[in-house]
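A closer look at the structure
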Amino acid sequence: MNKWQIAGYLIESKKCVDSLMFIYEYRDRIRNLDIEELTEGKIQRLYINLKVVYDKCLTKDEKKQLKENDKIYEETAYHRDKRYAHKDEDYNRKYYESAQEQINDLKEKVIHCYDICKKKLPTEITIDFIVYDKNLFRLIKNITPEKEEALKALLYNPVNYAQGEKQKEYEIFWNFEDVNSIKNEKEYAVLMNNGINLYEGLQNRQDACIKINLLYNKNIWCNANESIRVVEKEYEMLVDKILENIGG
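Cut-offs and rules
- Residues numbered from 1 in each chain as written.
- Predicted model: local features only at pLDDT ≥ 70, side-chain atom pairs only at ≥ 80, totals over all residues.
- Heavy atoms only, no water.
- Helix = DSSP H or I, 4+ residues; strand = E, 2+ residues; numbered from the N terminus.
- Buried < 20%, exposed > 50% of the residue type's maximum accessible area, 1.4 Å probe, protein only.
- Polar contact = N/O pair within 3.5 Å; in protein donor to acceptor, adjacent residues only side chain to side chain.
- Contact = heavy atoms within 4.5 Å.
- Arc of directions from axis to C-beta.
- Phe/Tyr/Trp six-rings, centres within 6.5 Å; stacked < 30°, edge-to-face > 60°.
- Disulfide = S-S within 2.5 Å.
- Axes fitted to C-alpha atoms, helices over the stretch in contact; angles between N-to-C directions.
- Parallel < 35°, antiparallel > 145°, perpendicular 65-115°, else oblique.
- Left-handed = near helix turned anticlockwise from the far one by under 90°.
- Nonpolar A, V, L, I, M, F, W, Y, C, P; charged D, E, K, R; others polar.
- Salt bridge = Lys/Arg side-chain N within 4 Å of Asp/Glu carboxyl O.

Moving on: the side chain of Asp133. As for its placement among the helices and strands, Asp133 is situated in the loop between helix 5 (99-117) and helix 6 (134-140). Judged by relative accessible area, Asp133 falls into the buried class, the value being 6%. At 2.7 Å, the side chain of Asp133 forms a polar contact with the side chain of Ser19. Asp133 has contacts with Ser19, Phe22 and Lys42, leaving out every residue within four places of it along the chain.

Glancing now at helix 7 (residues 145-155). When helix 7 is considered as a whole, its buried residues turn out to be Lys147, Glu148, Leu151 and Leu155. The arc that holds every buried residue of helix 7, seen down its axis, measures 100°, which confines them to one face. Away from its buried face, by an angle of more than 90 degrees, helix 7 presents the exposed residues Pro145, Glu146 and Glu149. Where the residues of helix 7 are buried, they touch helix 6 and helix 9 (228-246).

The subject of this paragraph is the packing of aromatic side chains. Going through the model one piece at a time under the given rule, you end up with nine aromatic pairs. Aromatic pair Trp4 and Trp221: ring centres 5.9 Å apart, planes at 35°, arrangement tilted. Of the two residues, Trp4 sits in helix 1 (residues 3-25) while Trp221 sits in the loop between helix 8 (198-216) and helix 9, which places them 217 residues apart along the sequence. Across the pair, exposure class does not vary: Trp4 and Trp221 are buried alike. Here Tyr54 and Tyr73 contribute two aromatic rings whose centre-to-centre distance is 4.7 Å and whose plane-to-plane angle is 85°, an arrangement assigned as edge-to-face. Here Tyr73 lies in helix 4 (residues 71-84) and Tyr54 lies in helix 2 (residues 35-57), a separation of 19 residues in the sequence.

Further remarks concern the state of the cysteines. Applying the stated criterion across every chain yields a total of zero disulfides. Its sulfur unpaired, Cys113 is 4.3 Å from the next cysteine sulfur, which belongs to Cys117. Accessibility expressed as a relative area gives 0% for Cys113, which makes it buried. Unpaired in this structure, Cys222 has its nearest cysteine sulfur neighbour in Cys209, at a distance of 4.5 Å.

The next subject is the packing of helix 1 against helix 2. Between helix 1 and helix 2, the shortest axis-to-axis distance is 8 Å and the interhelical angle comes to 155°. What the angle tells us is that helix 1 and helix 2 run roughly antiparallel. Between helix 1 and helix 2 the crossing geometry is left-handed. A class-by-class count of the residues in the contact of helix 1 with helix 2 yields 15 nonpolar, four polar and four charged.

Scanning the entire structure with this criterion turns up 23 salt bridges. The network of salt bridges with common partners includes Lys71, Glu75, Lys94, Asp105 and Lys109.

Nothing here speaks to function; it is all geometry.
Encoded structure:
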């Protein structure tokens, strides 16, 4: 498997932690939803994706050694195999004192996977945890499809092409997992969306980088700088103000 495809699974696990942090921080705003179902779905995806990364980066002997000597790896394999890939009756669930303790534990598992598998992963990737879930963000902000289109039109300058100007049409490469089914990469393009806030923009750009690297054998990446968490709060207030003016 291509190193950037493996990286895609690792970043998907990281985004699951992003979502869990968002659920925890905004739990009062989404208390009418099934929080357990939301969190369990993210945790399941996290464990399954981490196991893919380990399986693609390590030999059977290496995994055996880790299972015997590495507590974090052993836990990752155990929960994935006993609960999230199967439903074994002898599974012993791990209980946490708080949601924050659980988040810290899952963060540690993602970072540990990255550290163990680093030699087989692209040197460019970074693990940038952010408090964000694109679907729940739209829910708590009451952003309908119509509001989102209006919001994007105000946030960004749309590109207008001249009437009659001939444009080449491309298939869109949506999912990095589908790379093996692509016969001619020159017929495909990758969308790099801004999103509706800086956090979403970061996730979108990292996802786009993975797909671009897979298609065109590149090694591009973007990562969060230290100021993103401060600037994002200001950006969110701007988005809220625009949404108030849009109304409806």
